[in-house]
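Coordinate inspection notes
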Amino acid sequence: MRVLVLGGGIAGSMAAIAAAQHGAHTTLLAPGPGATALYAGAMEVATGHRDLHALAARHPYHPFVRLGLDDLELEAALDEACARLQGALNRVGLRVVGSWRETGWYADVHGLVRPAQLVPASVRPGELASLQGCRVAVVGVTGLAEYDAAATAEALSEAGLEAFPVEVPMGLPPDPTLADLMGRPAPSVRERTDAIAYPPGLEQLPPGGFELLATSPSPHGWRLHQALLAALEDNRVQLVPGRVDAAEVAGGEVRAVQTAALDLRADRFVLATGRYLGGGLLKEGSIREPIFGLGVFHEGARVDREWPRWLHHLERRTPDPGFRAGLLTDEQLRPLNWEGEVAFTNLHAAGSLLAGYDYGRDHGFGVPLLTGWLAGRWAAVL
Ligand SMILES: Cc1cc2nc3c(=O)[nH]c(=O)nc-3n(C[C@H](O)[C@H](O)[C@H](O)COP(=O)(O)OP(=O)(O)OC[C@H]3O[C@@H](n4cnc5c(N)ncnc54)[C@H](O)[C@@H]3O)c2cc1C
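Just so you know, these numbers come straight off a predicted model, no measurement behind them.

1. Observations concerning the sheet that holds strand β9 (residues 195-198)
Strand order in the open sheet formed by four strands is β8-β7-β9-β10, with parallel pairing between adjacent strands. Edge strands, defined here as strands with exactly one partner in the open sheet, are β8 (162-168) and β10 (209-211). The sheet shows a mean angle of 30° between the axes of neighbouring strands, taken without regard to direction.

The following block contains the structure:
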C-alpha cells in the first residue's frame, strides 16, 4: 500500500507515522512548517472523561464526535495516539510527559497561565499547582527588553507562588531578542530557591529549573518541528518538499497530486494541510479548500451558501465562526463534498482543517493528534 500524506504539521506527521507503522510505504509532502511549529509548549489534548462525554451534546460537529466512537473507544484511541506520539518523540530525544487524563497549569513568558495535558519534560517542573507556596526565581536577561522578568514574577505571585525576579548577564549580541537565547546553556542563579523559571529556548537547565511557555516565535514549536522531522525519518517516511496545487481524480478516487515540479501517485491519500495559517483553507470572501474543492461547512451548513448571510453576520459579533468552519468527514475521516457525500473513497482528512475544531477550545493538539493517527492508520489498513 502506498500512502501519500499532504502536510507536515502534527496531524500530517502523526498520519505518516501511523501509516508507516501499519506497513504502508509512506511519503509526506509539505512546503514547510505550519501552525504546529508555533505552539506555545503546552499540548491541550482533552480535558478528561467528562468533557469528552459532554461533547456530543454541546458540539455535535466536533471532530471527536464525528468519529462515532463510544466513550471507551474514544478514550482508548486517545491513549494510543498520545502514547505513539510520546514514544516517537522520545526515540529522537524530545521527551514529552503527562497524560491526556490529567490537566496541569503552566505560565508563559509573560506570566499568562494556560492548561495542558502533555508538555516537554523541560516545562513540567513549572506546573503551578505543584509549586504553590514555593520560592521561585524568574530569570531575566540583561539587555533583553522583549521580556520583563519582574512583570512575569508578579503574575506568578498572583498565581500563588513566592516569585521574584533575578537578572543575569549572558553576553548576548546588541539589542538581543528572545530568539537569541535559543540553544544557549541556562545561566546559574545564586539566590536560594525551590525552583527557577527560565525564558524558553535555553538548554542544560540546572536542577529545579524549568522553561516558561513561549509566545511566537516559539522555541518549543521549533524543537517539536525538528523532532517530528527526525521521527518521520526514524519511521522510514519519505519526506518530499513541495506544495500541492492540483490533483488528478477519476472514478471517485484520487489518483495523483501535483506540485510545480512533481506528479506523485499513491493508493491512498491523507489531507492534513492545516487551516488558514498552514494553507489548508483559504478565506477569500467565503472559505474554500484549494486542492480537491471539498465542501466547507460551519455547524453543518455549507459556507458557500450560508457565508454571505449568516456567517458574515456572526463574524461581525465574534471572529470565531471562521475558525470553526472546515471539512466535514464520515466516521473514517473521509471528507465530504459540497453535497454532503464522501468525496473520494481513498482520501482521508485530519487536523485543524476539520470543521468544529477551535484551537482555543480545549483540544488544540488533541484533534490533530488523534485524527492524524486514525487517518494514517485507516489509510494503511482499511
Ligand atoms: C500561534 C499558535 C499557537 C498555538 N499554541 C498551541 C498550544 O500551545 N497548545 C495547543 O494545544 N495548541 C496550540 N495551537 C494549536 C495547534 O498548534 C494547531 O492547531 C495544530 O498544530 C495544527 O496542526 P495541523 O497539523 O492541523 O496544521 P499545521 O501545523 O498548520 O500543518 C499544516 C501543514 O500543511 C502544509 N501544507 C499547507 N498547504 C499545503 C499544500 N498545498 N501542499 C502540501 N502541504 C501543505 C503546511 O506547510 C504544514 O506543513 C496553536 C496555534 C497557533 C496558531
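We are not done yet, so read on.
2. Here's the deal with the site of the ligand
Around the ligand, the structure places 38 residues, and the nearest of them are G9, G34, G278, G351 and G364. Secondary structure elements with two or more residues in the shell around the ligand: α1 (10-21) and β2 (25-30). Broken down by class, the residue content of the shell around the ligand amounts to 20 nonpolar, 16 polar and two charged.

3. Topic: the nonpolar core
Across soluble globular proteins, nonpolar side chains have a tendency to be buried as a group. With 112 residues, the main nonpolar core has V5, L6, M14, A15, A19 and V270 as its most contacted residues. Viewed by domain, this core spans two of them, domain 1 (2-95 + 221-381) and domain 2 (124-212), each represented by three or more residues. Residues in contact with V5, not counting those within four places in the same chain, are G12, A15, A16, A19, T26, L28, L29, V270, A272 and G376.

4. So, the packing of helix α4 (residues 71-91) against helix α6 (residues 219-234)
Put simply, α4 and α6 touch, their axes get as near as 8 Å, and they point 90° apart. It follows that α4 is roughly perpendicular to α6 by the angle criterion. Counting all contacts with α4, which are made through A88, L89 and R91, the residues of α6 involved are A227, A231 and D234. By residue class, the composition of the contact of α4 with α6 is four nonpolar, no polar and two charged.

5. Structural notes on the pairing of strand β12 (residues 246-250)
In summary, the side chains of a regular strand alternate between the two faces of the sheet. Here five bridges tie β12 to strand β13 (residues 253-258), and the two strands are oriented antiparallel to one another. Bridge assignment links V249 to a residue of β13, and that residue is V254. Following β12, the chain reverses through two residues before pairing antiparallel with β13; G251 in that reversal takes a positive phi of roughly 55°.

6. Focus: α1
Between its first and last C-alpha atoms α1 spans 16 Å; for twelve residues at 1.5 Å apiece the expected length is 16 Å, and the two agree. α1 sits mainly inside the fold: eleven of its twelve residues count as buried. All of the buried residues in α1 are I10, A11, G12, S13, M14, A15, A16, I17, A18, A19 and A20. Buried residues along α1 sit in contact with β1 (2-6), β2, α4, α6, β15 (268-271) and α9 (366-381). Of the residues trailing α1, G23 is marked for its positive phi of about 95°.

7. Quick notes on the domain arrangement of the chain
In terms of domain boundaries, the chain breaks down into domain 1 (2-95 + 221-381) and domain 2 (124-212). The distance between the C-alpha centroids of domain 1 and domain 2 comes to 35 Å.

8. Quick look at the packing of α1 against α6
At a minimum axis separation of 10 Å, α1 and α6 run at an interaxial angle of 15°. It follows from the interaxial angle that α1 and α6 lie roughly parallel. Considering how the two elements wind past one another, α1 and α6 form a crossing that is left-handed. Along the contact surface, α1 presents S13, A16 and I17, while α6 presents L228, A231 and L232. Counted by class, the contact of α1 with α6 contains five nonpolar, one polar and no charged residues.

9. So, unusual backbone geometry
A cis amide bond links S216 to the next residue, P217, at an omega of -5°. You can see P217 is positioned in the loop between β10 and α6. At D175, a residue that is not glycine, the phi angle is positive and equals roughly 45°. Tracing the chain through its elements places D175 in the loop between β8 and β9. Taking the C-beta count within 10 Å as the criterion, D175 has 10 such neighbours and is therefore assigned exposed. A positive phi is found at R236, a non-glycine position, where the angle reads about 60°. The residue R236 is located in the loop between α6 and β11 (238-241) in this model.

10. Let's talk about the environment of V123
Looking at where V123 falls in the secondary structure, it is placed in the loop between β6 (118-120) and β7 (135-141). Residues within four places of V123 in sequence aside, it is in contact with G41, Y106, F210, E211 and L213.

What counts and what doesn't
Residues numbered from 1 in each chain as written. Predicted model: local features only at pLDDT ≥ 70, side-chain atom pairs only at ≥ 80, totals over all residues. Pairing = 2+ DSSP bridges. Helix = DSSP H or I, 4+ residues; strand = E, 2+ residues; numbered from the N terminus. Axes fitted to C-alpha atoms, helices over the stretch in contact; angles between N-to-C directions. Near = placed C-beta within 6 Å. Nonpolar A, V, L, I, M, F, W, Y, C, P; charged D, E, K, R; others polar. Core = buried A, V, L, I, M, F, W, Y, C linked by C-beta atoms within 7 Å. Buried ≥ 20, exposed ≤ 12 C-beta atoms within 10 Å, placed from the backbone. Domains from an automatic or database assignment. Contact = placed C-beta atoms within 7 Å. Parallel < 35°, antiparallel > 145°, perpendicular 65-115°, else oblique. Expected span 1.5 Å × (residues − 1). Left-handed = near helix turned anticlockwise from the far one by under 90°.

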